[in-house]
Structure formats: structure tokens, C-alpha cells
Amino acid sequence: MGGERAGSLRRRLRRSARRLARRVDLRRLVSRRRDGSPLGLVTAKTTLAGVISWELALRLPGTQPPVLAPLTALLVTQLTLVKTITGSLQRVASVTAGVLLALGVADLLGLHWWSVGLVVFVSLAVGQVLKLGSHRVEVPVSALLVLTLGGTAGVARTRVLETLIGAGVGVVVNAFLAPPVYIRPAGEAIYELADHMAGVLEGAATDLAEGWSGEDAYERLLEARELDAEVRDAGEAVGQAEDSLRLNPRRRLVGDPSDELREGLTSLEHSVILIRGLCRSLVELDTVTGGRGPGSPLQAALGRVLVELADAVRAFGEHLAASVPGPPANQAPLYRALARARAARDQLAKEMAAGPGEAPREPDPPLLGPPVGERSRRGRGVRSVVHSPPLPWV
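Described in the following lines is the structure provided in the data block. As the structure is a computational prediction, the values presented were derived from the model and not from experiment.

Tallying secondary structure elements over the chain gives 17 helices and zero strands in all. Across the 394 residues that make up the chain, the buried fraction comes to 42%. Summarising the internal contacts of the chain: among those between residues at least 6 apart in sequence, 81% fall at separations of at least 24. Accessible surface, the chain as shown: approximately 20600 Å² in total, 61% of it carbon and sulfur.

Set out below in C-alpha cells:
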């Protein structure tokens, strides 16, 4: 009796620890810190672009400090070359539209509270119509700056030239000073996703080895649902890798494995759906069996399937991460893991075909086949997990 209470207490403590770990995920801090070196390079390049644009803009006619030139360089020097070019074009278009609008208002209406409100309203509308993205707020900002500085053609021309200088310097600096390539972070993000998927499967297998518990099955289902957020993070990393290779002069040197990354991510995304369905099947199995769970042989076979699937998922993530960048990775570990997973799946199918064995018969044995009216509700149990492979590769 005391042993059962101690086991129940350990299970509750483990479930509480898992809930706390899901709310306070320190792994995200580690993954962000791992990308610190590119951010340091971007900081240095942004500083250089701001200084150069300031010095160039000082040579423009006018008495005002050329603040707009380094400010533009700071805003357009983004993590990738494509984002730098896109941001430069959007900012130049925003400033130009705001300047032209301010010149028209200054000549026709003058500077009043109602004219300022009209400028702000029209500027925001123009920014939305031109689809300037996050730079649409620069339209009213530029218009108000020109209005407050007199609204003359000389002031307007200086503001546009400062913006052009800052945008041009930002593009040139980011293009010729080691434009970043984010292939390796994408490979690491995919491996982390595969590793976390394998952790969910291994955790479910550990729960089965320690005895059946519907509460543990439900906790694993919650963990499987939270994998969707990691799929989105990995997708953003792959998208950043694809974006960093566009127009990048280093593309020929580092290669372009973005297609392999995208295909691998798609496979893992499908597998996340199947893992979530598998965990849902365990929860439904607890309901169907009235909390007793499957028999010992079936439970052991199911745990072995989960362990082998976890190894296959992790091997797949390692295979992708080892290939990016570099020569093709050795596929033998992945093939061996898949073979073991198939063998475990076949063994589980045999255990299920054998039936409950010496378990007491009931009028409606759920694992052998529910009544016709119950098939739609119970058709997603363990039997569906076996007959539809839990992984696209198995």
C-alpha cells in the first residue's frame, strides 16, 4: 500500500514538473543566445552605415544636422540583404510621399491644428494604399517634419536626399560586408524540433513502462499539442534561411540546401500531427478500457514502438542538421532506426491481433471491436495508430 502511494506521489510530482517546464521554457533563451554572433555582426555593420551616412549627408546644403540619413541607415540595415533592400525602398517611398503631401498642404492651407490633423489622416491613408508595411508611419512623420521646418522646397529636397543617402549606404554596407547566411540556424531549429518530438514519444514510453495512467497520457497529449509552436519557430528559421540566400553573393560558396530544409520540415510537420493523434489514442484508450489500460504484452509492445519511433525521429533530425552545410550525411543510422520502428510496429500489430488474452471478457470488449454505433467514436484508438503509420517514413 505504501509503495502504491509513493508511486502515485512520484507521478503527481512528475506531472507538476512537466507543467512548470512548459510554462518556463529555458531552452528558448539558449536558442536565442546561440544566434548572438550574427547579431553582433549586424550591430557593427549598422553602426558603420550610420556613421558613413552622417558624414555624406553633412555635405548637403542646409544648416540642420542630417539626422535623417543615419536614422534611415539604422532602420534599413536588417538581418538579410533582401530585407535591407525592401526596407530601403519602403522608407524612401514613405519619406517622399510625406514630403510631397507637406509641400501641398503648406502652400494651400498653411500650418494650423486642423491642417495638421488632415495631414496625419491623409498620410496614414496613403501609407496603407501604397502598402508600405511597417514604414507607413514614416509618411506622417516626414510630412510633419517638413511642415514644422517651414514647408519650403529646399527643406523637402534635403530630407529626401538624406533618406536616399541613408538607404543607399545601408544597402551597400550590408551587401559587401559579409551578408549573413542563416542556413545553420535553420538546420539547428529543425533538429531541436525533432529532438522535442522524440522527447514526447520517449516520455510516453516511460509512462507505459512504469504502469498505465490516464493522467500521464493526457499530459503527453498536452505536450504534443505544444509542438505546434515549435513547428512555427522552425518554419520561421527556414524562411529566414531562404530569405538570406536571395540576392546574396555568398550563395555559391555556401550552397543552397533550402529545398532539403523545407522538405524535412514538411515531413516533421506531418509527423507532429500523427504524434498528436497517437497521444490522443492513448487518452481514448484509457477511456475505452475504463482506466485499466491495455494488457501487459500489448502495453510493452506499444512502449517499444514509441521508443523506436523516437529514435527514428531524432535520427531524421540529426541527418538534416549534419547535411547543412556540408557533405551529405550518412543515411545508415536513419535507415536502421526506421527498420527497428517497422519491426516494433509489426510486433504491436501481432499483439493486437492476439486479443486481450486472459483478460475477463465483457459484453463490449473495446479493443476487439466496438459495436457499430460506437465505431466512429472509438475508431481513433490504438488500432488506428498501428494501421496508419505514425511517421511518413515508417
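Enumeration according to the criterion identifies 11 salt bridges in this entry. In this structure, the salt-bridge partner of Glu162 is Arg159, at a minimum N-O distance of 3.7 Å. One end of the pair, Glu162, and the other, Arg159, are both in helix α8 (residues 153–176), three residues apart, so they sit about a helical turn from each other. Taken as a pair, Glu162 and Arg159 share a single burial class, namely buried. Between Arg314 and Asp195 there is a salt bridge, and its shortest N-O distance comes to 2.9 Å. One end of the pair, Arg314, is in helix α14 (residues 296–323); the other, Asp195, is in helix α9 (residues 183–209), with 119 residues separating them in the sequence. The class for Arg314 is buried, based on a relative accessible area of 17%.

Within soluble globular proteins, side chains that are nonpolar generally end up buried alongside one another. Counting 54 residues, the largest nonpolar core has Met197 and Leu268 as its most contacted members. For this core, the element with the highest residue contribution is α9, accounting for 13 residues.

Another aspect to go through is the environment of Asp346. The residue Asp346 is located in helix α15 (residues 332–354) in this model. For Asp346, a relative accessible area of 39% translates into the label partly exposed. Note: C-alpha distance between Asp346 and Val305 (41 residues apart in sequence) is 9.1 Å.

Okay, the packing of α9 against α14 next. At a closest axis distance of 8 Å, the pairing of α9 and α14 adopts a crossing angle of 170°. The angle between α9 and α14 falls in the class roughly antiparallel. Here the contact of α9 with α14 is built from residues that sort into 17 nonpolar, five polar and five charged.

The backbone of Lys131 shows a phi angle near 55°, a positive value even though the residue is not glycine. Residue placement: Lys131 occurs in the loop between α6 (113–129) and α7 (138–148).

This part takes up the packing of α6 against α7. At a closest axis distance of 8 Å, the pairing of α6 and α7 adopts a crossing angle of 145°. Seen along the crossing, α6 lies across α7 with a hand that is right-handed. Seen from α6, the contacting residues are Val116, Val119, Val120, Ser123, Leu124 and Gly127; seen from α7, they are Val139, Pro140, Ala143, Leu144 and Leu147. In the contact of α6 with α7, the residues fall into nine nonpolar, two polar and no charged.

Conventions we followed
Residues numbered from 1 in each chain as written. Predicted model: local features only at pLDDT ≥ 70, side-chain atom pairs only at ≥ 80, totals over all residues. Heavy atoms only, no water. Helix = DSSP H or I, 4+ residues; strand = E, 2+ residues; numbered from the N terminus. Buried < 20%, exposed > 50% of the residue type's maximum accessible area, 1.4 Å probe, protein only. Contact = heavy atoms within 4.5 Å. Areas by Shrake-Rupley, 256 points an atom, 1.4 Å probe, with all protein chains shown as cover. Salt bridge = Lys/Arg side-chain N within 4 Å of Asp/Glu carboxyl O. Core = buried A, V, L, I, M, F, W, Y, C linked by side-chain atoms within 4.5 Å. Axes fitted to C-alpha atoms, helices over the stretch in contact; angles between N-to-C directions. Parallel < 35°, antiparallel > 145°, perpendicular 65-115°, else oblique. Nonpolar A, V, L, I, M, F, W, Y, C, P; charged D, E, K, R; others polar. Left-handed = near helix turned anticlockwise from the far one by under 90°.

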